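The chain contents come next:
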Amino acid sequence: MTKLLEIKEWLKGFYGRFDVYLQGVWKFILSAGAITLLNQNLGFMEQLKNQMLVLLLGLVCSILPYGGIALICAAVTLAHFFALSLELAGIAFFAFLLMYLFCLRFENRSGYALILTPILFWMKIPYLAPVLVGLTGGIVGALPVGCGVAVYSIISYAKENAPSLSSSTVDNMLETIRMIIDSFLNNKAMLVMIAAFVITVILVHLIKSLSVDYAWMIAIGVGTVVDLLILMAGDFTMDIEVEMTGMIVGSLITILISLVVQFFLFSVDYSRTERVQFEDEEYVYYVKAVPKMRVTSPEVNVKRINAQKSQKTRQVRESEYDLEEEEEELPRGRRLAEERNTANGRASSARTSSAVRPSSTVRSAPTARTSQASRTSSARTSQTIARTTQMSTVRNSSSTARNTASRSTQSNITNIQDRMGQKPSTRDKS
């Protein structure tokens, strides 16, 4: 279970980073698959069977909303109907126009259900459509699902009655139109399927919105069973043809796929449910908090084996750099000290020779200045010598550290080779 949660978190993070591109890829697959299935089941206009045209339409649909994808699929369907029968194309045009006004005009977010429902019919798992829409959409999602059933019925009627529709003429146009309309209104299987799917969408959405434990799982199970019971009741009462084996297998597949969707969209831990009650001046609040099932990604710690060696090497290099800077500054300091001492000596001698010595007090002033300059020069010379001694000590210590690190590395290499049963090479010995 932990591994599945890690995969889920990784997929959520991946989708969060590339959601724009992934949505485009999903729309391309959905639209290209729908147009390909339309060409396979209808195929009355040969020009639309070109694979390059299908790919081009899929690329166009990848940047459109679901309403635009539905309109392009409707245009492809009408083109096939027009190549088969003008009467069928006219009736289908008005039917698609009503679907657009009632479905896509008010509920564009569930427009994918209008395209997905006929595809699931051709994949022999149509019972998945109402459960998925009920889990991921709202109650208004029942309209696109019902319209998708009607679209599939129109396409199936055109495929089954293609010979009679293609042989119609201008003289019997009214009879052809009446026949098409009667076939739709008297299609009991389509009416039962629309009723079952609409009820299933509403029921699944209402149950999964309840504040009970395992609401989504209960909604999946109840919705699938209710859909199955409605179809079985229609089979017994209205004498419609329903394949029981395919319906049961399709219902089981619906439950499995719906549970996978529930795991990725609404996986919570009901064992840690908390109920909180608080109130204000007007209301009393009862809150039920259910934590989500989440696992943190494992952190990878990289351990550097040669970190200590790298630190010593860095320290040695820094010491060498400081020594070089101090060596460059040392001659300059010596020159400045010598120049100052020379200038002070000349100034002292000049003052001594030119000054008048009226008393012992006057003669003592130049002597005091001379001794002070001498002391200053001596202090600077002592500092320079101490600094030179310190640099020599640092240089010796850096050289010792470098030699120690080299011996340690050589010793480690020798020990590893001894353990592996290999003799050290000539290069290692040197």
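Provided above is the structure to which this section pertains.
Scoring rules and cut-offs
- Note on numbering: residues in each chain are counted from 1, in written sequence order.
- Note on the predicted model: pLDDT of at least 70 is required for a residue's local features to be given, and 80 or more for side-chain atom pairs to be given and counted; whole-chain, interface and lining totals, by contrast, use all residues.
- Water and hydrogen atoms were dropped before computing side-chain values, which therefore reflect all heavy atoms in the structure.
- Definition used in this section: a nonpolar core is a set of buried Ala, Val, Leu, Ile, Met, Phe, Trp, Tyr and Cys residues joined via side-chain atoms within 4.5 Å.
- Only protein chains enter the calculation, and the probe is 1.4 Å; a residue is then buried if its accessible area is under 20% of its type maximum, exposed if over 50%, and partly exposed in between.
- Put simply, DSSP marks the helices as runs of H or I at least four residues long and the strands as runs of E at least two long, and each gets a number from the N terminus on.
- What makes two residues a contact is simply this: any of their non-hydrogen atoms within 4.5 Å.
- We define a polar contact as two N or O atoms separated by no more than 3.5 Å, with the added condition that, inside protein, one atom must be a possible hydrogen donor and the other a possible acceptor, whereas residues neighbouring each other in sequence contribute only through side-chain atom pairs.
- Whenever a helix is involved, its axis is fitted only over the stretch in contact; in every case the axis is a line through C-alpha atoms, and angles between N-to-C directions fall within 0 to 180 degrees.
- Should the near helix be turned anticlockwise from the far one by less than a right angle, the crossing is left-handed, and should it be turned clockwise, the crossing is right-handed.
- In this analysis the probe radius is 1.4 Å and the grid spacing 1 Å, with only protein atoms considered; a cavity is a set of points the probe fits into but cannot get out of, a pocket is an open set with protein on both sides within 12 Å along at least five of seven lines, and lining residues have an atom within 4 Å of a point.
- Grid points are joined across faces, edges and corners, and a volume is the space filled by probe spheres set on the points.
- Residues are grouped as follows: Ala, Val, Leu, Ile, Met, Phe, Trp, Tyr, Cys and Pro are nonpolar; Asp, Glu, Lys and Arg are charged; every other residue, Gly included, is polar.

Quick look at the nonpolar core
(1) Moving on: Of all hydrophobic cores here, the largest spans 66 residues; its most connected members are Phe81 and Phe197.
(2) Moving on: No other element matches helix H8 (residues 142-160), which puts 11 residues into this core.
(3) Moving on: Those residues in contact with phenylalanine 81, other than ones at most four positions away along the chain, are Leu42, Leu86, Leu88, Ala89, Ala92, Ile154, Ile155 and Ala158.
(4) Moving on: The next biggest cluster of nonpolar side chains, apart from the first, holds 7 residues, and it includes Leu135, Val204, Ile207 and Ile220.

Digging into the side chain of lysine 208
(1) Moving on: Within the fold, lysine 208 resides in helix H11 (residues 188-208).
(2) Moving on: Exposure remark for lysine 208: the relative accessible area of 18% places this residue in the buried category.
(3) Moving on: Separated by 3.3 Å, the side chain of lysine 208 and the backbone oxygen of leucine 135 make a polar contact.
(4) Moving on: In this structure lysine 208 touches Gly134, Leu135, Gly137, Ala215, Trp216 and Ala219, once residues within four positions along its chain are discounted.

What about the environment of glycine 246?
(1) Moving on: Its location among the elements puts glycine 246 in helix H13 (residues 244-265).
(2) Moving on: Once the C-alpha coordinates of glycine 246 and lysine 124 are considered, the two residues, 122 residues apart in sequence, prove to be 7.6 Å apart.

So, the environment of methionine 190
(1) Moving on: With respect to the helices and strands, methionine 190 occurs in helix H11.
(2) Moving on: Put simply, methionine 190 and alanine 150 are 40 residues apart on the chain and 6.9 Å apart in space, counted from C-alpha to C-alpha.
(3) Moving on: Those residues in contact with methionine 190, other than ones at most four positions away along the chain, are Val149, Ala150, Ser153 and Phe184.

Thoughts on the packing of helix H7 (residues 128-136) against H11
(1) Moving on: Where H7 contacts H11, the two axes come as close as 8 Å, and the packing angle between them is 35°. Like other packed secondary-structure pairs, H7 and H11 cross with a definite hand, here right-handed. Taking contact as the criterion, the partners of Pro130, Val131, Val133, Gly134 and Leu135 in H7 are, on H11, Phe197, Thr200, Val201, Val204, His205 and Lys208.

Some thoughts on the layout of surface pockets
(1) Moving on: Computed from the structure, the second largest pocket encloses a volume of approximately 840 Å³.
(2) Moving on: Considering the residues around the second largest pocket, the lining is formed by 27 residues, among which Phe121, Tyr152, Ala189, Met193 and Glu241 are closest to the centre.
(3) Moving on: Here the lining of the second largest pocket is built from residues that sort into 15 nonpolar, 6 polar and 6 charged.

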